[in-house]
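# Fold and geometry: a report
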Amino acid sequence: MAETDQPIIDTDVVIVGAGPIGLFAVFELGLLDLKCHLIDILDRPGGQCAELYPEKPIYDIPAWPIISGQELTDRLMEQIKPFDPVFHFNRMVSAVERQDDGSFVISTDENEKLRAKVIVIAAGGGSFQPKRPPVPGIEAFEDTSVFYSVRRMEELRGHDIVIVGGGDSALDWTLNLQPIAKSLTLIHRRDNFRALPDSVNKMKALVEEGKVTLQLGQVTELQGAGGQLTSISVKGSDGEISQIGCSRMLPFFGLTMKLGPIADWGINLDENLIPVDTEKFATSESGIFAIGDINTYPGKLKLILSGFHEAALMSQAAKKYIAPDERIVFQYTTSSTSLQKKLGV
Ligand SMILES: Cc1cc2nc3c(=O)[nH]c(=O)nc-3n(C[C@H](O)[C@H](O)[C@H](O)COP(=O)(O)OP(=O)(O)OC[C@H]3O[C@@H](n4cnc5c(N)ncnc54)[C@H](O)[C@@H]3O)c2cc1C
């Protein structure tokens with residue numbers, strides 16, 4: 001079939017982003033009989049949870065005292081199964097056109113076209129790309145000795161690990177990898193961390209116990225051959241250069257947000273985030289909603305539980321937008337037989 005002949009896929013809602021919030025939106029929209037297609041640049045669901053920290057425990061999901069990023073994703077996938085969402089992975093939304101009837105035609109870079117009454121942007125930080133530290137020649141070690149995320153902790157077992165950075169990711173991984181590392185050194189520019197105070201305190205306790213080395217300074221050079229790191233040079237605040245033997249380096253300098261074409265959809269943006277109201281999570285374009293890490297409003301917390309709440313309220317608003325004359329009866333899943341029928345329980 002010629003590229004232009006691809007049939008248009010009709011659906012109620014297109015969700016851009018299959019991170020935890022996009023996934024939970026399928027559930028809330030499904031309870032209101034809205035069918036969803038999800039588009040994601042990645043090759044699997046879960047967003048940051050699956051891509052950046054699949055094995056890291058999360059402690060602040062209500063009713064789950066501890067759950068890993070991957071397990072949370074798996075549970076969400078199980079929860080939304082009754083609503084039969086359709087996933088379009090490895091796809092970027094390339095264009096959005098509003099039709100005369102108010103619906104949207106969404107095109108992907110694989111030349112698919114989807115027609116939807118509503119678009120939900122759940123694109124997190126956009127297509128997230130780690131910031132590369134300014135160390136000459138670092139590219140030669142990437143994906144062999146230098147990693148910007150931890151896909152499988154086991155692969156780091158027994159290594160001399162250097163973690164670089166002072167934010168949550170650097171501190172989280174220091175705490176999580178220390179028990180399996182042969183040695184672990186945390187390098188940060190100054191003795192002032194941007195991470196949760198609890199994580200900083202735990203890291204400092206490990207330093208006192210001699211289980212983690214904390215070194216203040218900046219990485220200036222990498223040594224090794226064939227992609228295999230053997231040591232790094234660190235310049236301290238006094239200008240002194242020291243060498244640290246290591247086989248793995250994990251720099252956590254934050255993520256660059258690449259919003260991609262979303263920036264061209266005519267929606268008002270505030271520094272790459274989408275301002276929304278906190279009643280409907282509507283953007284400046286009617287029929288386009290934004291939930292999860294991608295949105296901004298006074299008091300916003302980039303937490304999974306906040307995104308879940310946003311998905312619930314957004315779904316009510318989306319339903320009213322699509323079917324303004326339909327009365328929405330508020331119901332509990334635990335007592336409504338009609339909701340239970342939808343869930344197949
Ligand atoms: C190391 C680390 C630890 C964390 N720990 C916790 C914690 O303990 N508790 C907590 O509540 N939160 C935690 N967070 C934050 C949490 O992961 C985020 O709040 C959450 O992932 C946001 O979900 P989301 O669905 O909005 O976005 P994301 O998880 O970022 O998912 C967005 C998805 O959209 C896709 N996408 C983006 N742009 C496009 C596009 N143009 N076209 C198609 N697809 C696109 C991306 O590929 C991605 O899959 C942590 C984050 C990190 C990095």
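In what follows, the structure referred to is the one given above.
Quick summary incoming for the structure in this document.

What counts, and where the lines are drawn
- Residues numbered from 1 in each chain as written.
- Predicted model: local features only at pLDDT ≥ 70, side-chain atom pairs only at ≥ 80, totals over all residues.
- Heavy atoms only, no water.
- Near = heavy atom within 4 Å.
- Polar contact = N/O pair within 3.5 Å; in protein donor to acceptor, adjacent residues only side chain to side chain.
- Areas by Shrake-Rupley, 256 points an atom, 1.4 Å probe, with all protein chains shown as cover.
- Helix = DSSP H or I, 4+ residues; strand = E, 2+ residues; numbered from the N terminus.
- Nonpolar A, V, L, I, M, F, W, Y, C, P; charged D, E, K, R; others polar.
- Contact = heavy atoms within 4.5 Å.
- Pairing = 2+ DSSP bridges.
- Axes fitted to C-alpha atoms, helices over the stretch in contact; angles between N-to-C directions.
- Right-handed = clockwise from strand over helix to strand, strands pointing away.

For the ligand, the set of nearby residues contains 33 residues, the closest of which are Asp40, Gln48, Tyr53, Asp293 and Ile304. Isoleucine 41 is positioned with one of its backbone polar atoms (N or O) 3.3 Å from a nitrogen atom of the ligand. Between an oxygen atom of the ligand and a main-chain N or O atom of isoleucine 304, the distance comes to 2.9 Å. When the ligand sits alone it has 1000 Å² of accessible area, and the protein chains cover 92% of it. At the level of elements, helix H1 (20–31), helix H2 (47–51) and strand E9 (127–130) are the ones that each hand at least two residues to the shell around the ligand. For the shell around the ligand, the residue count by class is 17 nonpolar, ten polar and six charged.

Our next topic: the environment of serine 199. Mapping serine 199 onto the fold places it in helix H5 (residues 197–208). Separated by 25 residues in the primary sequence, serine 199 and threonine 174 have C-alpha atoms spaced 9.2 Å apart. Among all residues touching serine 199, those that are not within four sequence positions of it are Leu171, Asp172 and Leu175.

What follows deals with the sheet that holds strand E10 (residues 160–164). Pairing within the open sheet is parallel, and its four strands lie in the order E12-E11-E10-E16. Lying at the two open borders of the sheet, with one neighbouring strand each, are strand E12 (213–216) and strand E16 (248–251). The mean inter-strand angle of the sheet, taken between neighbouring strand axes irrespective of direction, is 20 degrees. The pairing of E10 with E16 spans four bridges and is parallel.

What follows is about the pairing of E12. Both strand E11 (residues 183–188) and E12 contribute to a ladder of four bridges, which runs parallel. In the sheet register, threonine 185 faces E12, and the bridge partner there is threonine 213. Taking the sense of rotation as the criterion, the β-α-β connection linking E11, H5 and E12 turns out right-handed.

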